[in-house]
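# Tertiary structure, described
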Amino acid sequence: MLSGSLANYVYEDDGIVKALLTFGQTADSDKSGAFEIWRIYVSQDFQGVGIGKSLLTFAEKQAMLSGFQEIIIWAFKENFKAVLFYKRNGYVEDKVMNLGDPYCAEGVRFCKRLEKS
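Residues numbered from 1 in each chain as written. Predicted model: local features only at pLDDT ≥ 70, side-chain atom pairs only at ≥ 80, totals over all residues. Heavy atoms only, no water.

## A closer look at the pattern of salt bridges
Under the counting rule described, the total for this entry stands at 8 salt bridges. We note a salt bridge from Asp-13 to Lys-18, for which the minimum N-O separation is 3.1 Å. Residue class for Asp-13 comes out partly exposed when judged on its relative accessible area of 35%. The exposure class assigned to Lys-18 is buried, which follows from its relative accessible area of 13%. Here Asp-94 ties to Arg-109 by a salt bridge, and the two come within 2.4 Å at their closest N and O atoms. One end of the pair, Asp-94, is in strand β5 (residues 92-98); the other, Arg-109, is in strand β6 (residues 106-113), with 15 residues separating them in the sequence. Here Asp-94 falls in the partly exposed class, since its relative accessible area comes to 36%. Overall, Arg-109 belongs to the buried group, its relative accessible area being 2%. (Salt bridge = Lys/Arg side-chain N within 4 Å of Asp/Glu carboxyl O. Buried < 20%, exposed > 50% of the residue type's maximum accessible area, 1.4 Å probe, protein only. Helix = DSSP H or I, 4+ residues; strand = E, 2+ residues; numbered from the N terminus.)

Shown next, in the form of structure tokens:
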């Protein structure tokens, strides 16, 4: 089980960094014990080719292997591509709030229950 630290992964191909993934236990007090994807970033030049889906699947597998039953991820409410991506992958909008400084934007938290296979 992950505890107190974040795992960072780089998606690289032919020496080119195409994406980043960071995950670990959430800091959200109302979701204590949940697994959180802190960051999925795919370079604009490589979006739409399945890298994000691969990273999401990898993170979900790591969460299940670590014994988590719920996974969460935050997105900017106005990041329509991200919001649609998470919804298409089974994530449900759970909470909306102003993220404050330095973001000064509305954030949406998405949740997904993990099923043991």
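## Here we look at the layout of surface pockets
Its volume calculated, the largest pocket comes out at about 1100 Å³. In terms of lining residues, the largest pocket is bounded by 35 residues, among which Ile-40, Trp-74, Asn-79, Ala-82 and Tyr-86 are the most central. Those elements that provide at least two residues to the lining of the largest pocket are β3 (35-42), α1 (51-65), β4 (70-76), α2 (80-88) and β5. (1 Å grid on protein atoms, 1.4 Å probe; cavity = no way out; pocket = protein on both sides within 12 Å on 5 of 7 lines; lining within 4 Å. Points joined across faces, edges and corners; volume = space filled by probe spheres on them.)

## Details of α2
Within the sequence span of α2, burial applies to Ala-82, Val-83, Phe-85 and Tyr-86. For α2, the angular spread of buried residues about the axis comes to 160 degrees, placing them on one side. Facing away from the buried side of α2 by over 90 degrees, the exposed positions are Phe-80, Lys-81 and Arg-88. The inward-facing, buried residues of α2 abut β3, α1, β4 and β6. (Arc of directions from axis to C-beta. Contact = heavy atoms within 4.5 Å.)

## Regarding the pairing of β6
With 6 of its 8 residues buried, β6 lies for the most part within the structure. Bridge count between β4 and β6: 7 bridges; the pairing is antiparallel. Considered in β6, the bridge of Ile-72 is made with Cys-111. (Pairing = 2+ DSSP bridges.)

## As for the sheet that holds strand β1 (residues 6-13)
A sheet is described by the order of its strands in space; here 6 strands give the open sequence β1-β2-β3-β4-β6-β5, paired in mixed fashion. The sheet is open, and its two edges are formed by β1 and β5, each paired on a single side. Pairs of neighbouring strands in the sheet enclose a mean axial angle of 25 degrees, with direction left out of account. As defined by bridge partners, β5 adjoins β6 across 6 bridges and the pair is classed as antiparallel. When the sheet's bridge partners are listed, Val-96 is paired in β6 with Val-108. (Axes fitted to C-alpha atoms, helices over the stretch in contact; angles between N-to-C directions.)

## As for the packing of aromatic side chains
Evaluated as defined, the whole model comprises 8 aromatic pairs. Their ring planes at 65 degrees and their centres at 5.3 Å tell us that Phe-85 and Tyr-86 sit as a pair that is edge-to-face. The same class applies to Phe-85 as to Tyr-86, namely buried. Measuring from ring centre to ring centre gives 5.8 Å for Tyr-86 and Phe-110, while their planes differ by 45 degrees; the resulting arrangement is tilted. Linking Tyr-86 in helix α2 with Phe-110 in strand β6, this pair joins segments that are 24 residues apart in sequence. Each member of the pair Tyr-86 and Phe-110 is classed as buried. An aromatic cluster is defined as three or more aromatic residues linked by ring pairs; in this entry it consists of Tyr-9, Phe-23, Phe-35, Phe-58 and Phe-68. (Phe/Tyr/Trp six-rings, centres within 6.5 Å; stacked < 30°, edge-to-face > 60°.)

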